[in-house]
Amino acid sequence: MSWLDRLRGRPSPRETAKQRLQVILVHDRSDLSPGLLEVIKDEIIAVLSRHVPIIAEEVRVTVTQDARECRLVADIPLGNRHSRS
Amino acid sequence: MSAQVITVTSGKGGVGKTTVTANVGMALAMAGKKVVCMDADIGLRNLDVVLGLENRIVYDIVHVVEGRCRTRQALIRDKRVPDLYLLPAAQSRDKSAVKPEDMVRICEELRPEFDYILIDSAAGIEEGFRTALAPADLILLVTNPEVAAVRDADRVIGLVEAMGKPTPKLIVNRLKPDMVRRGDMLDTSDVLEILAIELLGVIPEDEQVIVATNRGVPVVLEERSPAGQAFRAIARRLMGEPVPLFPSEDGQGVLGWLRRLVRSGGGR
Ligand SMILES: Nc1ncnc2c1ncn2[C@@H]1O[C@H](COP(=O)(O)OP(=O)(O)OP(=O)(O)O)[C@@H](O)[C@H]1O
Ligand SMILES: [Mg+2]
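Residues numbered from 1 in each chain as written. Chains lettered and ligands numbered in written order. Predicted model: local features only at pLDDT ≥ 70, side-chain atom pairs only at ≥ 80, totals over all residues. Heavy atoms only, no water.

1. Focus on the overall build of chain A
Basically, it comes down to this: Runs of E in the DSSP output that reach at least two residues are strands. Runs of H or I that reach at least four are helices, and both are numbered from the N terminus. For a compact globule the rule gives 2.2 Å times the number of residues to the power 0.38, and the radius of gyration it is set against comes from C-alpha atoms. Between buried and exposed lies partly exposed: a residue is buried under 20% and exposed over 50% of the maximum accessible area for its type, with that area taken using a 1.4 Å probe on protein chains only. Pairs of residues are marked as contacts when any of their non-hydrogen atoms sit within 4.5 Å. The Shrake-Rupley method, run with a 1.4 Å probe sphere, supplies the accessible areas, and residue values consider only the shown protein chains as cover. When charges are tallied, Lys and Arg are placed among the positive residues and Asp and Glu among the negative ones, while His and the ends of the chain are skipped. Just so you know, the charge point we use is NZ for Lys, CZ for Arg, CG for Asp and CD for Glu.
Assigned secondary structure in chain A consists of three helices and two strands. Its C-alpha atoms give chain A a radius of gyration of 18 Å, more than 25% over the compact-globule value 12 Å for 85 residues. Over its C-alpha atoms, taken along the principal directions, chain A stretches across nearly 55 × 30 × 20 Å. Relative to its full complement of 85 residues, chain A shows a buried share of 24%. Put simply, 40% of the contacts in chain A that link residues at least 6 apart link residues at least 24 apart. In the structure as shown, chain A presents an accessible area of about 6,100 Å², 53% of it carried by carbon and sulfur atoms. Measuring between centres, the 14 positive side-chain charges of chain A sit 6 Å from its 12 negative side-chain charges.

2. Points about the overall build of chain B
Helix and strand counts for chain B come out as twelve helices and eight strands. A compact globule built from 268 residues would reach a C-alpha radius of gyration of about 18 Å, and chain B, at 19 Å, matches this within 12%. Its C-alpha atoms give chain B principal-axis dimensions of about 65 × 40 × 35 Å. Sorting the 268 residues of chain B into buried and exposed places 54% on the buried side.

3. A word on the confidence of the model for chain B
We apply this condition: pLDDT expresses, on a scale from 0 to 100, how confident the predictor is about each individual residue.
Residue-level pLDDT values for chain B average 92, and 92% of them are 70 or greater. In the predicted complex, the global pTM is 0.87; the interface-specific ipTM is 0.78.

4. Some details on the side chain of T71 of chain B
With respect to the secondary-structure elements, T71 of chain B resides in helix α4 (residues 71-74). For T71 of chain B, a relative accessible area of 3% puts it in the buried group.

5. Considering the packing of aromatic side chains
All names here are of chain B. Note the following rule: For this analysis, a ring pair means two rings from Phe, Tyr or Trp (six-membered ring only for Trp) whose centres lie within 6.5 Å, classed as stacked if their planes differ by under 30 degrees, edge-to-face if by over 60, and tilted for the remaining angles. Throughout this description, the term charge over a ring refers to an Arg CZ or Lys NZ atom that lies within 6 Å of the ring centre and within 35 degrees of the ring normal.
According to the stated counting rule, one finds one aromatic pair over all chains in the structure shown. For the ring pair Y85 and F114, a centre distance of 5.6 Å and an interplane angle of 75° mean the geometry is edge-to-face. With Y85 in strand β4 (residues 84-87) and F114 in the loop between α5 (100-110) and β5 (116-120), the pair connects residues that are 29 residues apart, well separated along the chain. When its relative accessible area of 0% is taken as the criterion, F114 is described as buried. Note that K34 overlies the ring of F114, its terminal NZ or CZ placed 5.7 Å from the centroid. Between R72 and the ring centre of Y85, over which it is positioned, the NZ or CZ distance is 5.5 Å.

6. A look at helix α11 (residues 226-238) of chain B
Residue and element names in this part refer to chain B. The cut-off we apply is this: An expected span of 1.5 Å times one less than the residue number is assigned to each helix. Whenever a nitrogen or oxygen atom comes within 3.5 Å of another N or O atom, the pair is scored as a polar contact, on the condition that within protein one atom can donate a hydrogen and the other can accept it, and that pairs from neighbouring residues in sequence are kept only if both atoms are in side chains.
End to end, α11 covers 19 Å across 13 residues, agreeing with the expected 18 Å (1.5 Å per residue, within 8%). Of all the 13 residues making up α11, ten are buried; the element is thus mostly covered by neighbouring parts of the structure. What α11 keeps buried is the set A227, G228, A230, F231, R232, A233, I234, A235, R237 and L238. Looking at where α11 begins, the residue whose side-chain oxygen comes 3.3 Å from the main-chain nitrogen of A227 is S225. Phi for G240, located one or two positions after α11, is positive at around 95°.

7. Digging into the interface of chain A and chain B
Filter applied, for reference: A 1.4 Å probe defines the accessible area here, and the buried area is the portion of it lost by two parts on being joined, summed over both. Here, a salt bridge means any side-chain nitrogen of Lys or Arg that lies within 4 Å of a carboxyl oxygen of Asp or Glu. For this scheme, ten residues count as nonpolar: Ala, Val, Leu, Ile, Met, Phe, Trp, Tyr, Cys and Pro. Four count as charged, namely Asp, Glu, Lys and Arg, and the remainder, Gly too, count as polar.
The interface is formed by 17 residues belonging to chain A together with 22 residues belonging to chain B. Here chain A packs against chain B, burying approximately 1,800 Å² in sum over the two surfaces, 52% of which is carbon and sulfur. Its largest share of buried area at the contact with chain B, chain A owes to R14, L21 and R68 of chain A, together 37% of the area lost on that side. For the pair chain A and chain B, the interface holds five salt bridges. A salt bridge links R14 of chain A to D190 of chain B; the shortest N-O distance between them is 2.7 Å. For the interface between chain A and chain B, the tally reads seven residue pairs in polar contact (both at pLDDT 80 or more). Residue contributions to the side of chain A that touches chain B peak at twelve residues, all from helix α2 (residues 13-30) of chain A. Of the residues belonging to the side of chain A that touches chain B, the class tally is seven nonpolar, two polar and eight charged.

8. Quick notes on the pattern of salt bridges
Scanning the entire structure with this criterion turns up 20 salt bridges over all chains. Between K18 of chain A and E193 of chain B there is a salt bridge, with its nearest N and O atoms 2.8 Å apart. Of this pair, K18 of chain A sits in helix α2 while E193 of chain B sits in helix α9 (residues 188-195), on two different chains. Here E193 of chain B falls in the partly exposed class, since its relative accessible area comes to 48%. In this structure, the salt-bridge partner of E66 of chain B is R68 of chain B, at a minimum N-O distance of 3.1 Å. Relative accessible area serves as the criterion here: at 38%, E66 of chain B is assigned to the partly exposed category. Using a relative accessible area of 52% as the deciding quantity, one classes R68 of chain B as exposed. Connected through shared salt-bridge partners, R14 and K18 of chain A together with D190 and E193 of chain B make up one network.

Given below as structure tokens:
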């Protein structure tokens, strides 16, 4: 890559390759496609909102990994019962 | 004596399995070990050509499996080193001609007489994959520092673990240090971080590999070839010698100093 690209702050082909690989492998290893994660997220929202108020649009469902171990992580911000109706 | 059986495999094809098998086998033999290189790529044999032994084949592994010759009769001795033998694949047959249990049986028969049995696998993860892995004590996973090759290597690691085999050791082949330095190619450290398995060696891209393959003279026999040196280092590591994985590739002198300076200042 050229010095100009570097000056413009563009990621190098090496960085791009590494990031793409990390995303690809998360899905390969867990056998969870991005589409399936969306479905899971919607169902989690549906189930939980029957019990607690949650901020649906800020819910994040992701797969993380540490070495070769995959983990499904759901981050669910709870809504405030009093300030929202 | 009981040989260690080492299977050389990959996910993606064409990454250098045959080149690794021939050269590491030759390097081990140069170090005085008794070695058999076995071609398990039935129907697409190549190991004979890379070793330059194609004109001496009489029997092949399928003849052995079908009982048409003894295992010993099918072994071709390489005259350039004391104890290197090739067990060739059949060219006009398909993968189903050799079963996993055949590989295990042939290896059991050869084990007492050799130090190392290296098995070159076919590309892909179908039946030939299991056949080549069946007798393995150690699995060498070859990849190139490229997205597709690393992705497929990751799949192989998963499959090997599911088979209950030991986790493979990694060989990164065709690394171009200049491209890595410019940020244009994945580095070994990136591949290692992603695959999270033990590294056995790094082989640089080297035109002499192609020249050597065309001549049928494995590149390890070329004293000065960078790839040849990398293959000899891998062989020594297999023999248990502590050989550093990352020799100071930048070298000594002003040029090396300049390179290190540029690299430390130009990481981004
Ligand atoms: N370090 C290297 N430098 C330059 N060329 C190389 C290097 N390693 C392998 N090659 C070349 O790459 C090509 C493929 O190598 P090789 O046949 O060993 O791959 P393979 O994994 O056995 O392929 P297949 O999956 O078809 O069996 C060959 O032309 C070989 O000469
Ligand atoms: Mg091959």
